[in-house]
Amino acid sequence: MSEQKLEVCILAAGMGTRMKSTIPKVLQVLAGKPLLSHLLASVQTLGPKKIHVVVGPESESLKTVFCDDGINWVTQTERRGTGHALMQALPDIADNSKVLILLGDAPLVSARLMKSLIEGDTPLSVLTVCLDDPTGYGRIVRSGSDRISQIVEDRDANEAQAEINEINTGVMVADVQSLREWLPQLKSDNAQNELLLTDLVSIASGADLYVRPVLTEDAVEVAGVNSFEQLAELERVLQRRYAHDLMNEGVHIVDPERFDLRGHLSCGRDVFIDVNNVFEGDVTLGDGVRIGANCRVINSVIEPGSVIKDHSHLEGCQVGPESQVGPFARLRPGTVLRESVAIGNFVEVKNSEIGKGTKASHLTYLGDASIGESVNIGAGTITCNYDGIDKHRTRIEDHVFVGSNTALVAPVVIGAGSIIGAGSTITKDVKEGVLALSRVKQKSVINWKRSEDEK
Ligand code: UD1
Ligand code: CA
């Protein structure tokens, strides 16, 4: 007999009625990723021959999100229960396959647990866990110490069965020949009036076959998500795990209960993270980086020794070493700060490169700009980069001093070492080393009186 190949079937056609949402449940987000992404990531490490996902008829959004994952989508037109869902995939599963069955709404089952089920050579294996409160779950009825005779759904359980705290996680492994034999025997004579996958257990054990329980200790890994409340609980547990892993690697996280990672965070030594930060996508924090409270950092690299102060928002940017950002700074995509740059409060930077030692300390917008070294950008400076149709660049060379409240109308070049007088609107290129000004001269009106009406 040729070797059995592994195929995976994920059941995800349920309505998610308890979430009262129009979004398919497996698209609900946990730690920044759809539930199904978490499960697929684990499944893919097993190298299965095929992954089948059973979905409802209104699942176009799902197919779009996961179009690159090589999934075989199976439609369950009528939702008639988990057993019925699996039946829909059967014709697509190759003969002589071992089938790993997963529920789309139990997203954190690890590859390690999946393997422990696949490894056994029994007709049917079921992953179980003991819960303090088993309400809502299918109860595991054992016969003897090491075999399962039945799974009773919560709504079908009698008083004694309801007391059982070992529950069905929904993860099962069986070979496809057995499934082809058992599934047509399912009946809907239960409280839900559905064809229940869990009834495979009594069918198999009724035929005197061994149904093997694999009991895990880790209730988090197998937790099902049926409501937003359960989703929030799982989110916190997962975040706590991420925070603890980072702390074990030497990151100083002030409060793991107020830490959120929605992607991947890689940290150097002596990184300090204050409370209420959100990290999204791929974020790298170099040695000694400090992140103040209430910041959001998305797909960015922050190089050693830099400090991001409270309430800053960074996306798609690179912060060079020994720089200072914030408080209340916004760095938008395409921002590159070289070394020892200072970006202060209420400063917005977009698609701009800022040279070593340059400072923009207050109330400024720098967009589509190339700024040299040791430049001082005064408070209230604005690069006017958009003329209503096109975007234009501003170039400010080394050692320029831009006075406060200056409007730089792009495209424009400010030559090295020049000074722009405060309050100027600069529309023409400025030569190196000059003082450029564009202001109405100040005048004093002698004998000026307020009009009578104003009083
Ligand atoms: C299911 C199990 C229960 C187990 C629990 C673990 C059954 C009958 N019950 O209950 O024993 O303790 O999971 O979390 O299997 N689905 C379909 N088509 C359908 C119905 C459901 O694809 O017609 C999918 C859902 O999208 C979901 C999964 O199957 O991802 C489980 O369905 P759900 O209704 O959430 O089952 P539970 O009541 O949680
Ligand atoms: Ca469920």
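Keep in mind that what you see is a predicted model, and the values were worked out from it rather than measured.

About the cut-offs
Residues numbered from 1 in each chain as written. Chains lettered and ligands numbered in written order. Predicted model: local features only at pLDDT ≥ 70, side-chain atom pairs only at ≥ 80, totals over all residues. Heavy atoms only, no water. Salt bridge = Lys/Arg side-chain N within 4 Å of Asp/Glu carboxyl O. Helix = DSSP H or I, 4+ residues; strand = E, 2+ residues; numbered from the N terminus. Buried < 20%, exposed > 50% of the residue type's maximum accessible area, 1.4 Å probe, protein only. Near = heavy atom within 4 Å. Polar contact = N/O pair within 3.5 Å; in protein donor to acceptor, adjacent residues only side chain to side chain. Areas by Shrake-Rupley, 256 points an atom, 1.4 Å probe, with all protein chains shown as cover. Nonpolar A, V, L, I, M, F, W, Y, C, P; charged D, E, K, R; others polar. Domains from an automatic or database assignment. Patch = residues over 30% accessible without salt bridge, like charges linked within 9 Å, V, L, I, M, F, W, Y side chains within 5 Å. Lys, Arg positive; Asp, Glu negative; His and termini not counted. Charge placed at Lys NZ, Arg CZ, Asp CG, Glu CD. Donors = N, O, S within 2.8 Å, 3.2 Å for Na, K, Ca; no water.

1. Notes on the pattern of salt bridges
Tallied over the entire structure, the rule returns 18 salt bridges. In this structure, the salt-bridge partner of Asp 95 is Arg 180, at a minimum N-O distance of 2.6 Å. Of this pair, Asp 95 sits in the loop between helix 3 (82-89) and strand 6 (97-103) while Arg 180 sits in helix 6 (residues 176-182), and the two are 85 residues apart along the sequence. Judged by relative accessible area, which is 32%, Arg 180 ranks as partly exposed.

2. Looking at the site of ligand 1
Taken together, 23 residues sit near ligand 1, with Ala 13, Gly 14, Gln 76, Glu 153 and Asn 168 positioned nearest. Between an oxygen atom of ligand 1 and a main-chain N or O atom of Gly 104, the distance comes to 3.5 Å. Between an oxygen atom of ligand 1 and a side-chain N or O atom of Asp 105, the distance comes to 3.0 Å. The fraction of the free accessible surface of ligand 1 (760 Å²) that becomes covered by protein chains is 91%. Counting residues per element, the ones that place at least two in the shell around ligand 1 are helix 3 and strand 10 (166-175). For the shell around ligand 1, the class distribution of residues is seven nonpolar, 10 polar and six charged.

3. Considering the domain arrangement of the protein
For the protein, the assigned domains are domain 1 (5-216) and domain 2 (242-436). The distance between the C-alpha centroids of domain 1 and domain 2 comes to 49 Å.

4. Looking at a negative patch on the surface
The grouping of Glu 322, Glu 339, Glu 373 and Asp 398 at the surface amounts to a negative patch. Tracing the chain through its elements places Asp 398 in the loop between strand 31 (394-396) and strand 32 (401-402). Overall, Asp 398 belongs to the partly exposed group, its relative accessible area being 33%.

5. Focus: the coordination of the calcium ion (ligand 2)
Summarising the metal site, the calcium ion (ligand 2) is bound by the protein donors Asp 105 (OD) and Asn 226 (OD1), whose distances to it range over 2.3 to 2.4 Å. Taken together, the positions of Asp 105 in the loop between strand 6 and helix 4 (111-119) and Asn 226 in the loop between strand 11 (211-216) and helix 8 (228-248) put the pair 121 residues apart, joining distant regions of the chain. As far as burial versus exposure is concerned, Asp 105 and Asn 226 are alike and both buried.

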